[in-house]
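# Per-entry structural report
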Amino acid sequence: MSFIFSLVAVTVLVLVPLVGVTVADLRWLFGVVVPYAAVATFLIGVSYRVLKWSNSPVPFRIPTTCGQAKGLPWIKTNKLDNPCSLPAVIGRMFLEVFLFRSLFRNTRMEYHQGPKVRYGSSKWLWLFGLLFHYSFLVVLIRHLRFFTEPVPMWVQIVEHIDTFFEMGLPLPGPDGLYVGLPLLAQSGVILLAAATLLFLRRVVIAQVRYISIAGDWFPLLLIIFIAKTGIIMRYVLKVDVVTVKKLTMSLVALKPELPADPISFMFYIHIFLVSFLFAYFPFSKLMHLGGVWLSPTRNLVNNSREKRHINPWNPEVKFHTYAEYEDDFREQMIEAGIPVEKEA
Amino acid sequence: MATQTPKPQEIAKGLSHQPPSENWMDTKPEFRSGMYCHPVKVASLEGMGGAFAREWNPTEADWKLPADWKGIVKDGLKDRLRRFRSFQVFMDICVRCGACADKCHFFIGTGDPKNMPVLRAELIRSIYRGEFRTAGKILGKLAGGRKLTEEVIKEWFYYFFQCTECRRCSVFCPYGIDTAEITIIAREILNLLGLQIDWIGTPVNACYHVGNHLGLKPHTFKENIEYLLGDIEENVGITIEPSFNRKGAEILFVTPSGDVFADPGIFTCMSYLILFEYLGLDYTWSTYASEGGNFGFFTSNETMKRLNYKMYAESKRLGVKWILGGECGHMWRVVHQYMDTMNGPADHLEVPRSPITGTVFENAKSTKMVHVTEFTADLIKNGKLNLDKSRNDHYTVTWHDSCNTSRGFGFLEEPRYVLRNVVNNFYEMPDQTIREQTFCCGSGSGLNAGENLEQRFRGGLPRANAVQFVHEKHGVNMLANICAIDRAALKPLMDYWVPAVNVCGLSELVANALVIPGEKAARSTNLRGEEINDLREEAGLEPIEWPEEDEEGGEAGEEGEE
Ligand code: SF4
Ligand code: SF4
């Protein structure tokens, strides 16, 4: 149900600019107004949520410890999985955010009659996830070409590396010669492939399908469609990059101007979907991008025996004091030879 | 108990991890005897000043919720979203990747999809969306949102008291989402409606007013320990006179009260007494702070604080220098991650220094509380204990890492170091079931009641199964641990799934191996009153030559325990 709903939603999102641009000629709306609005929503929304999180208190120091703590000096500490200092936390967070450390631990439980519970290694999610996020990053970086003039060196380097892989995969050609296989290892295509794999995983694994809601299907489908429209523009329609750049640069310069030469409707679909993704971002689970940095089970030093952690709202509570206790049991205590503060 | 617990084979056969066809929002839990805990007694809840104490029964339709229950829950949620970053972030960022799904022992043991940590969290996240977030309000179920109804509250009660707050899910989550944290907060909210289980509520009340879970009054607490001293005298041949509430002692010793009265915890307790006597430690017990465990942790952070207060207060009153803590799981999570924050700073204490080895425990320089196992490890490292580990040769031991000390502390090597120094035969369970990936006993977080045995045995299946693996492979016959709940819970769990395996605290193995100066023939029985040479014979080992009985020595080898 939530899947069909998401599919319909994404389809509508494709149709809106299609009709808007080809029938109603709302190029200004889709080329200028929507992207601006989307970027504004993204920036405001993301800042709002991140500020809200970072302003909320962390009453207790609750890292999930995944290795040996710092203890007696002759016992080896597992600094990265149980950080005992700020640099160690930074190391842990680096592994977590950039290499998906925790996902790398993933196992798969197998249940056999007997009962026998066994655990297999299961790195697929880690691999798909890593591919997905890194290819997404490369795609984003490569798109900076459209928003910078001159194109910064580092963007060009990323592009180069990416293109190198594009050309670098040799395949036997029809007459025994090796020809480059274009596309296969190019970031946009990897992105599409990885998103599709994540999607299939969600469909195929019964438990994951069971927990999925629209908020899971929709962004995946949206990204799949974005990747598809991008690939079609680049490799099939071969949209005129120079014209597109005229538009995008005018947006960056805050002097929006629709170029005189026409741009394919596919471009408008692409940019509309991207805009929607940006605007949707702060309201969705995609905020894990920000949240992962703020997760108290990962980003805190595990040193609460060594250094007192302060709870800003440490509550006032009623205690049962020793004096009250002794009042309740004084006689029995004396009889049992337990020392008391006040003799009866 | 009411109904019969199903046989292990019945549970094993009926287990499937395939989710049903209906959407989870359309299914309801069935309150089946053996699978849930009894509601808290009115007096216990009232004793702690808890709200809406009343008689009610989970199997009945009417839970007698307070008139404005909905408002209370919504305000409770809002308040906690504001006060706990963990809760707010965890509500917002789960991507439902499912990495945590098959990590929960309750899911593995029941196949109930709502025991997948992600879905357990969604039980509350769906309300967060449906009541507080626009998309969820408009799109409802499609966007994973739903409205707060009485059915939801019942579901919460069922599933948040079917989570042992073990944090195993958190280890695998790419964002560290800790369903235990969500359970902790869900239980706080259920508490606002007077919904609490008796096995938590009643010990909490006893602990608060009397000092320990069972409500052992000062003299009874002392008598209990004296009873253990009698056993020590009989089985080890040494006479010990510990002190209680003694001012001016160097160290205050606090351990979970379970060790003072329940088998096999009592053997751990006897071991502490023996070890401290061996060392000539200047320490005292306290009848006021006679509970190391803290079931308040399983109700609300305020209750946890109210109970925990006694440790520092008593250490101050008695004027001790530092606190030594016994073997316990959740107690050490509280001591490690909460105590100083809640009831510190403990400026009246000194940075702990072992009077025997001179080691200063820098790692505990703020809480000023040391774990008996690190204390022991330090003793061994410095050669202060005369240990004959062959005395444990009839045991083939495996090590159970307790959830709290593993994932809420990182106390993994200290016990292993001690263990390797007191036993010859030690085999680890498979990697995916130990250390930070360890499996819960199935009875943590206050679920070790008597009426929910099926729930506990199901939850304990992954742990028991890993024990079975090493039992079959290496002949493991002893499951050692450093947790009072484990000692109480793993024994019946083993009897159920792997009957040939026994359970003990780590300190018991230390005491077994300890060569006590002038020890007598009485030493030929272990703390459990068993003839050691009989056990060795069973294991095909040479008997030990015990010293001759001297004229004063008592009769050795009398059967004490069953
Ligand atoms: S592993 Fe974390 S993000 Fe993934 S479903 Fe579980 S709680 Fe959500
Ligand atoms: S904390 Fe433990 S019991 Fe609770 S959901 Fe996570 S794995 Fe399951």
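Residues numbered from 1 in each chain as written. Chains lettered and ligands numbered in written order. Predicted model: local features only at pLDDT ≥ 70, side-chain atom pairs only at ≥ 80, totals over all residues. Heavy atoms only, no water.

Residues and elements named next belong to chain B. The domain boundaries assigned to chain B delineate domain 1 (26–195), domain 2 (202–381) and domain 3 (389–513). A separation of 29 Å is found between the C-alpha centroids of domain 1 and domain 3. Counting residues at the interface gives 24 residues for domain 1 and 24 residues for domain 3. Summed over both partners, the interface of domain 1 with domain 3 buries about 2,000 Å², with 60% contributed by carbon and sulfur atoms. Three residues stand out in domain 1 for area buried against domain 3, namely His105, Thr164 and Arg168, and they jointly supply 25% of the buried area on that side. Among the salt bridges present, the one from Arg32 reaches Glu454, with a minimum N-O distance of 3.0 Å. (Domains from an automatic or database assignment. Contact = heavy atoms within 4.5 Å. Buried area = accessible area lost by both parts, 1.4 Å probe. Salt bridge = Lys/Arg side-chain N within 4 Å of Asp/Glu carboxyl O.)

Residues and elements named next belong to chain B. Lining the immediate environment of ligand 2, one finds Cys104, His105, Pro117, Arg120, Cys163, Thr164, Glu165, Cys166, Arg167, Cys169, Thr179 and Ala180. Sorting the residues of the shell around ligand 2 by element identifies α6 (117–132) and α10 (179–192) as the ones contributing at least two each. Considered class by class, the residues forming the shell around ligand 2 number 6 nonpolar, 3 polar and 3 charged. (Near = heavy atom within 4 Å. Helix = DSSP H or I, 4+ residues; strand = E, 2+ residues; numbered from the N terminus. Nonpolar A, V, L, I, M, F, W, Y, C, P; charged D, E, K, R; others polar.)

Looking now at the pairing of strand β7 (residues 502–505) of chain B. Residue and element names in this part refer to chain B. Summarising the sheet, strand β6 (residues 478–481) and β7 pair through 4 bridges and their orientation is parallel. From the neighbouring strand, Ala480 faces β7, where its bridge partner is Cys504. With helix α22 (residues 484–497) bridging β6 and its parallel neighbour β7, the resulting β-α-β unit is right-handed. (Pairing = 2+ DSSP bridges. Right-handed = clockwise from strand over helix to strand, strands pointing away.)

Per the domain assignment, the segments making up chain A are domain 1 (2–74 + 130–309) and domain 2 (314–344). Distance from the C-alpha centre of domain 1 of chain A to the C-alpha centre of domain 2 of chain A: 64 Å.

As a further point, take the site of ligand 1. Close contacts around ligand 1 come from B:Cys94, B:Val95, B:Arg96, B:Cys97, B:Gly98, B:Ala99, B:Cys100, B:Val118, B:Cys173, B:Pro174, B:Tyr175 and B:Ile177, and that covers them all. For the shell around ligand 1, the per-class residue count stands at 10 nonpolar, 1 polar and 1 charged.

Our next topic: the pattern of salt bridges. In this structure the tally under the stated criterion is 55 salt bridges over all chains. When the shortest N-O distance is used, the salt bridge between B:Glu374 and A:Arg305 registers 2.4 Å. Taken together, the positions of B:Glu374 in helix α17 (residues 372–381) and A:Arg305 in the loop between α12 (288–294) and α13 (322–335) put the pair across two chains. Note on A:Arg305: relative accessible area 3%, which makes it buried. A salt bridge links B:Lys141 to B:Asp26, with the shortest nitrogen-to-oxygen separation between them at 3.1 Å. You can see B:Lys141 sitting in the loop between α7 (134–139) and α8 (150–160) and its partner B:Asp26 sitting in the loop between α1 (8–13) and α2 (42–47), a full 115 residues away along the chain. (Buried < 20%, exposed > 50% of the residue type's maximum accessible area, 1.4 Å probe, protein only.)

The next thing to look at is the layout of surface pockets. Approximately 780 Å³ is the volume attributed to the second largest pocket. Looking at the second largest pocket, it is lined by 29 residues, and the ones nearest its centre are A:Tyr280, A:Phe283, A:Ser284, B:Ala135 and B:Gly136. The set of elements that each furnish at least two residues to the lining of the second largest pocket consists of α1 (2–22), α9 (214–237) and α11 (265–280) of chain A together with α4 (85–93), α6 and α7 of chain B. The leading source of residues in the lining of the second largest pocket is α7(B), at 5 residues. Along the lines of polarity and charge, the residues of the lining of the second largest pocket split into 18 nonpolar, 4 polar and 7 charged. (1 Å grid on protein atoms, 1.4 Å probe; cavity = no way out; pocket = protein on both sides within 12 Å on 5 of 7 lines; lining within 4 Å. Points joined across faces, edges and corners; volume = space filled by probe spheres on them.)

If you look at the biggest cluster of nonpolar residues, it comprises 172 residues, and the most contacted ones within it are B:Ile153 and B:Trp156. At 11 residues, the largest contribution of residues to this core is made by α9(A). B:Trp156 has contacts with B:Val73, B:Leu77, B:Leu123, B:Ile124, B:Ile127, B:Arg146, B:Leu148, B:Phe161, B:Ile189 and B:Leu190, leaving out every residue within four places of it along the chain. (Core = buried A, V, L, I, M, F, W, Y, C linked by side-chain atoms within 4.5 Å.)

Before going further, it helps to examine the interface of chain B and chain A. Contact with chain B, which involves 120 residues of that partner, is made by 93 residues of chain A. A buried area of about 9,200 Å², summed over both sides, lies between chain B and chain A, and 59% of it is on carbon and sulfur atoms. The tally of links from chain B across to chain A stands at 7 salt bridges. As a salt-bridge pair, A:Arg308 and B:Asp340 come within 3.9 Å of each other at their nearest N and O atoms. Where chain B packs against chain A, one counts 73 residue pairs in polar contact (both at pLDDT 80 or more). If you tally residues by element for the side of chain B that touches chain A, the top one is helix α16 (residues 329–343) of chain B, at 9 residues. (Polar contact = N/O pair within 3.5 Å; in protein donor to acceptor, adjacent residues only side chain to side chain.)

As a further point, take the packing of aromatic side chains. All names here are of chain A. Per the stated rule, a full pass over the model turns up 50 aromatic pairs over all chains. Relative to Trp126, the ring of Phe104 lies with its centre 4.7 Å away and its plane at 70 degrees, an arrangement referred to as edge-to-face. You can see Phe104 sitting in helix α4 (residues 101–104) and its partner Trp126 sitting in helix α5 (residues 124–143), a full 22 residues away along the chain. Classification of Trp126 by relative accessible area gives buried; the value is 18%. Plain terms: the ring middles of Phe132 and Phe136 are 5.9 Å apart, the flat faces sit at 80 degrees to each other, and that makes the pair edge-to-face. Of this pair, Phe132 and Phe136 both sit in helix α5, separated by 4 residues, roughly a single helical turn. (Phe/Tyr/Trp six-rings, centres within 6.5 Å; stacked < 30°, edge-to-face > 60°.)

Residue and element names in this part refer to chain B. You can see Pro499 is positioned in the loop between α22 and β7. Pro499 sits in the exposed class, given a relative accessible area of 59%. Taking the C-alpha atoms as reference points, Pro499 and Glu155, separated by 344 residues in sequence, lie 34 Å from one another.

On average, residues of chain B score 94 in pLDDT, and 97% of them reach the 70 mark or higher. Two summary scores accompany this predicted model of the complex, namely pTM at 0.94 and ipTM at 0.92. (pLDDT = per-residue confidence, 0-100.)

Further remarks concern the packing of helix α7 (residues 187–204) of chain A against α9(A). All names here are of chain A. It is the contact of α7 with α9, at a shortest axis distance of 9 Å, that shows an interaxial angle of 150 degrees. Taken together, the axes of α7 and α9 are roughly antiparallel relative to one another. In this structure, α7 meets α9 at a crossing whose hand is left-handed. Seen from α7, the contacting residues are Gly188, Val189, Leu191, Leu192, Ala195, Thr196, Leu198, Phe199, Arg202 and Val203; seen from α9, they are Asp216, Trp217, Leu220, Leu221, Ile223, Ile224, Ala227, Lys228 and Ile231. A class-by-class count of the residues in the contact of α7 with α9 yields 14 nonpolar, 2 polar and 3 charged. (Axes fitted to C-alpha atoms, helices over the stretch in contact; angles between N-to-C directions. Parallel < 35°, antiparallel > 145°, perpendicular 65-115°, else oblique. Left-handed = near helix turned anticlockwise from the far one by under 90°.)

This part is about the sheet that holds strand β5 (residues 397–399) of chain B. All names here are of chain B. Taken in spatial order, the 3 strands of this open sheet run β5-β6-β7, and their pairing is parallel. The open sheet is flanked by β5 and β7, the only strands paired with a single partner. Averaged over all pairs of adjacent strands, the angle between strand axes in this sheet comes to 30 degrees, irrespective of strand direction. Seen against the sheet, helix α23 (residues 506–513) touches β5, β6 and β7 and runs at an angle of roughly 80 degrees to β7.

Right, let's get into the packing of helix α15 (residues 301–318) of chain B against α16(B). Helices that pack against each other are described as a pair by the angle of their axes relative to one another and the distance between those axes. All names here are of chain B. The interhelical angle for the contact between α15 and α16, taken along N-to-C directions, is 85 degrees, at an axis separation of 9 Å. Accordingly, the angle class assigned to the pair α15 and α16 is roughly perpendicular. Side by side, α15 and α16 meet where Asn301, Met304, Lys305, Asn308, Tyr309, Met311 and Tyr312 of the first sit next to Val334, Val335, Tyr338, Met339, Asp340, Met342 and Asn343 of the second. Residues that form the contact of α15 with α16 fall into these classes: 9 nonpolar, 3 polar and 2 charged.

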